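Here is what each chain is made of, one letter per residue.
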Amino acid sequence: MKNTSASSTAFSLTRYVSGLGIARSSLIKSAHTLERIGLAAVGASCGLYVGATLLRQKDGLFESGWIVLITMLYGALSFYVGIDLSGNLARRPKSSISEEWNGSEPAEIMSAAGTFGAAIAATLSVSILVLDQNLPDALIGFVAVCWAVGSSLQVAAGTMARSHEAPTNEQ
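Keep in mind the model is a prediction, meaning the values are calculated, not measured.

Attention shifts here to the side chain of Thr53. As for its position among the elements, Thr53 is in helix H2 (residues 24-56). Among the residues examined, Thr53 registers a relative accessible area of 1% and is labelled buried.

Attention now goes to the pattern of salt bridges. Inspection of every chain in the model, using the stated rule, returns one salt bridge. Between Arg56 and Asp132 there is a salt bridge, with the nearest N and O atoms lying 3.1 Å from each other. Note that Arg56 is positioned in helix H2 and Asp132 in the loop between helix H5 (105-130) and helix H6 (137-163), a separation of 76 residues in sequence.

The geometry of H5 relative to H6 is characterised by a closest axis approach of 7 Å and an angle of 150 degrees between their N-to-C directions. The angle between H5 and H6 places the two elements in the roughly antiparallel class. In the packing of H5 onto H6, the handedness of the crossing is left-handed. Looking at the contact of H5 with H6, its residues break down into 18 nonpolar, eight polar and no charged.

Okay, the nonpolar core next. Of all hydrophobic cores here, the largest spans 15 residues; its most connected members are Cys46, Val50, Leu54, Phe79, Ala121, Val143 and Trp147. Those elements that provide at least two residues to this core are H2, helix H3 (66-82), H5 and H6. At five residues, H6 tops the list of elements feeding residues into this core. The contact partners of Leu54, leaving out residues within four places of it in the chain, are Phe62, Ile67, Thr71, Ile140 and Ala144.

This next bit is on unusual backbone geometry. With the exception of glycine, the majority of residues adopt a negative phi angle, and the majority of peptide bonds are in the trans configuration. Of note in this structure, Asp132 is not a glycine but carries a positive phi near 50 degrees. When its relative accessible area of 57% is taken as the criterion, Asp132 is described as exposed.

This part is about the environment of Val81. For Val81, the position within the fold is in helix H3. Measuring from C-alpha to C-alpha, the distance between Val81 and Gly158 comes to 5.0 Å, with 77 residues separating the pair along the chain. Each residue touching Val81, except ones within four places of it in the same chain, is listed here: Arg36, Gln154, Val155, Gly158, Thr159 and Arg162.

So, about the packing of aromatic side chains. A complete count under the given rule lists zero aromatic pairs for this structure. Taking the ring centre of Tyr80 as reference, the NZ or CZ of Arg36 above it sits at 4.3 Å.

With 27 residues, H6 should reach 39 Å at 1.5 Å per residue; the first-to-last C-alpha distance of 38 Å fits that figure. If you check which residues of H6 are buried, you get Ile140, Val143, Ala144, Cys146, Trp147, Gly150, Ser151, Gln154, Val155, Ala157, Gly158 and Ala161.

Cut-offs used in this document
Residues numbered from 1 in each chain as written. Predicted model: local features only at pLDDT ≥ 70, side-chain atom pairs only at ≥ 80, totals over all residues. Heavy atoms only, no water. Helix = DSSP H or I, 4+ residues; strand = E, 2+ residues; numbered from the N terminus. Buried < 20%, exposed > 50% of the residue type's maximum accessible area, 1.4 Å probe, protein only. Salt bridge = Lys/Arg side-chain N within 4 Å of Asp/Glu carboxyl O. Axes fitted to C-alpha atoms, helices over the stretch in contact; angles between N-to-C directions. Parallel < 35°, antiparallel > 145°, perpendicular 65-115°, else oblique. Left-handed = near helix turned anticlockwise from the far one by under 90°. Nonpolar A, V, L, I, M, F, W, Y, C, P; charged D, E, K, R; others polar. Core = buried A, V, L, I, M, F, W, Y, C linked by side-chain atoms within 4.5 Å. Contact = heavy atoms within 4.5 Å. Phe/Tyr/Trp six-rings, centres within 6.5 Å; stacked < 30°, edge-to-face > 60°. Lys NZ or Arg CZ within 6 Å of the ring centre and 35° of its normal. Expected span 1.5 Å × (residues − 1).

Written as structure tokens, this is what we have:
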């Protein structure tokens, strides 16, 4: 019964918004922008955990508090640019032959690999902080490399996807 009332409420909201005269495309663009800002917030929070883990190593390279700000900003940028590629890639026609690449696959693969690497780094960082572990510098270096490579792959994937123009459907 709760699902019925939730979907009924969603449909009522949709009818209310359409009654206000808001164009559907601007509503979708606004929702998409809000979603991307949410992804940036998630990236920044993951960067906060990674930066805090790096800051804990007192004898290492990352003794400055700036490392937390840098990892947060880079996380926000990478999640904002690199995770949500569907808007640009969804307009591309899919090939009928499964073995044929249409140009969007490298960006999607890079985005997935980057998201995985950044998520592994964030998960390791959270576990290190929550369990208050003192780990060798090599493991902390692994976390830093996972974060840097994963975030960089996301930025590269987002840049590739946005620079590649979607073909027009001429029939």
